[in-house]
Amino acid sequence: MNFKFKYVPALRYRQEEKGALNALAQHITSKTLPLIEIVKETPNIRSTKSFEEIYSKELDALQMPFLLDFPMYLPLAKSTIVEVTNFLTAVQADVKVIKIHTISSHPGQINEF
């Protein structure tokens, strides 16, 4: 068997990680496949755009292959930020809540490994 191993750095999609990912985009090789975790419906409380408008535009702009994860495995404790708890609870209750149409046509989409 011929295995094609990849380095998969896991990044929560926060301001610092977005900056690092954009800065490193030109250096990411075919042996690297970032895993982006989205844990909140909007990046900040003041955002007036929808989940779809925000993330579709930002992720389409990456122009690199990536994996996308909504980490439903995270334990939600009393100390968890309210926005994270609300978002992940909705995702866990109904996966249909997640509507990112343009990701399926992203130029870096991976259909098979």
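As the structure is a computational prediction, the values presented were derived from the model and not from experiment. (Residues numbered from 1 in each chain as written. Predicted model: local features only at pLDDT ≥ 70, side-chain atom pairs only at ≥ 80, totals over all residues. Heavy atoms only, no water.)

Peer 1: Account for the environment of Phe-51, with residues named and values stated.
Peer 2: Mapped onto the secondary structure, Phe-51 falls in helix H2 (residues 51–60). You can call Phe-51 buried: its relative accessible area is 8%. (Helix = DSSP H or I, 4+ residues; strand = E, 2+ residues; numbered from the N terminus. Buried < 20%, exposed > 50% of the residue type's maximum accessible area, 1.4 Å probe, protein only.)

Peer 1: Please set out the sheet that holds strand E3 (residues 67–69) residue by residue, giving values where relevant.
Peer 2: Sheet architecture is open: three strands sit in the order E1-E2-E3, paired in parallel fashion. Pairing within the sheet leaves two strands with one partner each, and these edge strands are strand E1 (10–12) and E3. Within the sheet, the average angular offset between the axes of one strand and its neighbour, ignoring direction, is 25 degrees. Sheet topology places E1 next to strand E2 (residues 35–37); three bridges connect them, and they run parallel. Pairing of Arg-12 across the sheet is with Glu-37, part of E2. (Pairing = 2+ DSSP bridges. Axes fitted to C-alpha atoms, helices over the stretch in contact; angles between N-to-C directions.)

Peer 1: So what's going on with the pattern of salt bridges? Residues and values would help.
Peer 2: Enumeration over the complete set of coordinates arrives at three salt bridges. Notably, a salt bridge pairs Glu-17 with Arg-14, separated by 3.1 Å at the nearest N-O pair. We classify Glu-17 as buried; its relative accessible area is 18%. As a salt-bridge pair, Lys-18 and Glu-58 come within 3.4 Å of each other at their nearest N and O atoms. Here Glu-58 lies in helix H2 and Lys-18 lies in helix H1 (residues 15–24), a separation of 40 residues in the sequence. What makes Lys-18 buried here is its relative accessible area of 10%. (Salt bridge = Lys/Arg side-chain N within 4 Å of Asp/Glu carboxyl O.)

Peer 1: With reference to specific residues and values, describe the confidence of the model for the protein chain.
Peer 2: Residues of the protein chain with pLDDT of at least 70 account for 79%, and the chain-wide mean is 75. Segment residues 96–104 is flagged for pLDDT under 50; beyond a separation of four residues in sequence, or across chains, it makes 18 contacts in the model. (pLDDT = per-residue confidence, 0-100. Contact = heavy atoms within 4.5 Å.)

Peer 1: Can you explain the packing of aromatic side chains? Please cite residues and give values.
Peer 2: Applying the stated rule across the entire model yields two aromatic pairs. With 6.0 Å between their ring centres and 50 degrees between their planes, Tyr-13 and Tyr-55 make a pair best called tilted. With Tyr-13 in the loop between E1 and H1 and Tyr-55 in helix H2, this pair connects stretches of sequence that are 42 residues apart. Accessibility assignment for this pair places Tyr-13 and Tyr-55 in one class, buried. The interplanar angle of 50 degrees and the centroid separation of 6.1 Å between the aromatic rings of Phe-70 and Phe-87 together place this pair among those described as tilted. Residue Phe-70 is located in the loop between E3 and helix H3 (82–93), and its partner Phe-87 is located in helix H3; the two are separated by 17 residues in the primary sequence. Phe-70 sits in the buried class, given a relative accessible area of 13%. Judged by its relative accessible area of 5%, Phe-87 falls in the buried class. (Phe/Tyr/Trp six-rings, centres within 6.5 Å; stacked < 30°, edge-to-face > 60°.)

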